[in-house]
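Okay, here's what each chain looks like letter by letter:
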Amino acid sequence: MKIRRAASADDVFAAAHLFDAPPRPDATTRFLAQDHSHLLIAYVDDRPAGFVSGVETTHPDKGTEMFLYELGVDDMFLRRGIGTALVEALRTLAAERGCYAMWTGTAAGDTAAQATYKKAGGSVDDGAFVSWDLT
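Please read these numbers as outputs of a predicted model, since none were measured by experiment.

When its secondary structure is counted, the protein shows four helices and seven strands. Relative to the 2.2 N^0.38 estimate, which gives 14 Å for 135 residues, the radius of gyration of the protein is 14 Å and therefore close to what a compact globule would have. Principal-axis analysis of the C-alpha atoms gives the protein an extent of 35 × 35 × 25 Å. When the 135 residues of the protein are sorted by exposure, 40% land in the buried category. Within the protein, counting contacts between residues at least 6 apart in sequence, those at least 24 apart form 56% of the total. For the protein, the accessible area works out to roughly 7600 Å², and carbon and sulfur atoms hold 50% of it. Charge centroids of the protein, computed over 13 positive and 19 negative side chains, lie 3 Å from each other.

Rendered as structure tokens:
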């Protein structure tokens, strides 16, 4: 497995089967043009197998943190550590970019997501809030 940052709309459209809906050209172009938006894609034998997206958010009195926006893995590649590797890759990118934390939300009953986030070093608070301290 290899993880690469999406560098072009072609990268995104080649991974379209991983998203909830087909990527929109206008939104894809805007997302990729923003320095604070990140899309990492995992490839198995050159086939897109999963992705994680993250967005840096900055507040005047807190600094910058990474919001893990969405994580998705193709059903045929589940339980191979791809989700965990993607979250770890985003966490590494966040630290490299100077983020002090990374966070996301999850449904209280989504034990699969919670397990993935815990494997990637996240702390799950009441099954709804997941955070990583990057300091």
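That was the structure; now back to the text.
Per the stated rule, a full pass over the model turns up five salt bridges. Arg97 is the partner of Glu56 in a salt bridge, and the nearest nitrogen-oxygen pair spans 2.3 Å. One end of the pair, Glu56, is in strand S3 (residues 47-59); the other, Arg97, is in the loop between helix H3 (82-96) and strand S5 (101-105), and 41 residues separate them in sequence. The exposure class of Glu56 is buried, given its relative accessible area of 12%. For Asp61, the salt bridge is made with Lys62, and the minimal N-O distance between the two is 3.1 Å. The exposure class assigned to Lys62 is partly exposed, which follows from its relative accessible area of 48%.

Let us look at the environment of Ile82. Note on placement: Ile82 falls in helix H3. Here Ile82 falls in the buried class, since its relative accessible area comes to 3%. Non-local contacts of Ile82, meaning those with residues more than four positions away in its chain, are made with Met1, Ala42, Val44, Ala49, Gly50, Val73 and Phe77.

This part covers helix H4 (residues 111-119). For H4, the set of buried residues is Ala113, Gln114, Thr116 and Tyr117. Viewed end-on, H4 has its buried residues packed into an arc of 160 degrees, placing them on one side of the element. Residues of H4 that are exposed and angled more than 90 degrees away from the buried face: Thr111, Ala112, Lys118 and Lys119. Within two residues after H4, Gly121 carries a phi angle of roughly 90 degrees, on the positive side.

Looking now at the environment of Met1. Note on placement: Met1 falls in the segment before strand S1 (2-5). Distance in space between the C-alpha atoms of Met1 and Thr84 is 12 Å, their sequence separation being 83 residues.

So, about the nonpolar core. Among the nonpolar cores identified, the biggest contains 22 residues, and Leu68, Ile82, Val87, Leu90, Met102, Tyr117 and Trp132 are the most heavily contacted of them. For this core, the elements supplying multiple residues, two or more each, are strand S2 (37-44), S3, strand S4 (63-73), H3, H4 and strand S7 (129-133). Residue contributions to this core peak at six residues, all from H3. Apart from residues no more than four positions distant in its own chain, Tyr117 is found in contact with Leu68, Leu71, Val87, Thr104, Thr106, Gly122, Val130 and Trp132. Grouped together as the second largest cluster of nonpolar side chains are eight residues, Ala6, Ala15, Tyr43 and Phe51 included.

What counts and what doesn't
- Each chain has its residues counted from 1, running along the sequence as written.
- In keeping with the model being predicted, local features are shown solely for residues with a pLDDT of at least 70 and side-chain atom pairs are shown and tallied solely at 80 or more, while totals for entire chains, interfaces and linings include all residues.
- As a convention, hydrogens and water are excluded, and side-chain values are obtained from all of the structure's heavy atoms.
- By the criteria applied, helices consist of DSSP H or I runs no shorter than four residues and strands consist of E runs no shorter than two, each listed in order from the N terminus.
- For the radius of gyration, the atoms used are the C-alpha atoms, and the globule rule reads 2.2 Å times the number of residues raised to 0.38.
- Exposure is judged per residue with a 1.4 Å probe applied to protein chains only, and the accessible area is read against the type maximum: over 50% gives exposed, under 20% gives buried, and values in between give partly exposed.
- It only takes one pair of heavy atoms within 4.5 Å for two residues to be counted as in contact.
- All accessible-area figures derive from a Shrake-Rupley calculation using a 1.4 Å probe, and residue coverage is judged against the displayed protein chains alone.
- Only four residue types enter the tally: Lys and Arg on the positive side, Asp and Glu on the negative side, with His and both chain ends excluded.
- The atom standing in for a charge is NZ when the residue is Lys, CZ when it is Arg, CG when it is Asp and CD when it is Glu.
- The salt bridge criterion pairs a side-chain nitrogen of Lys or Arg with a carboxyl oxygen of Asp or Glu, the two atoms within 4 Å.
- It is the directions from the helix axis to the C-beta atoms that the arc portrays.
- Buried Ala, Val, Leu, Ile, Met, Phe, Trp, Tyr and Cys residues form a nonpolar core when they are joined through side-chain atoms within 4.5 Å.

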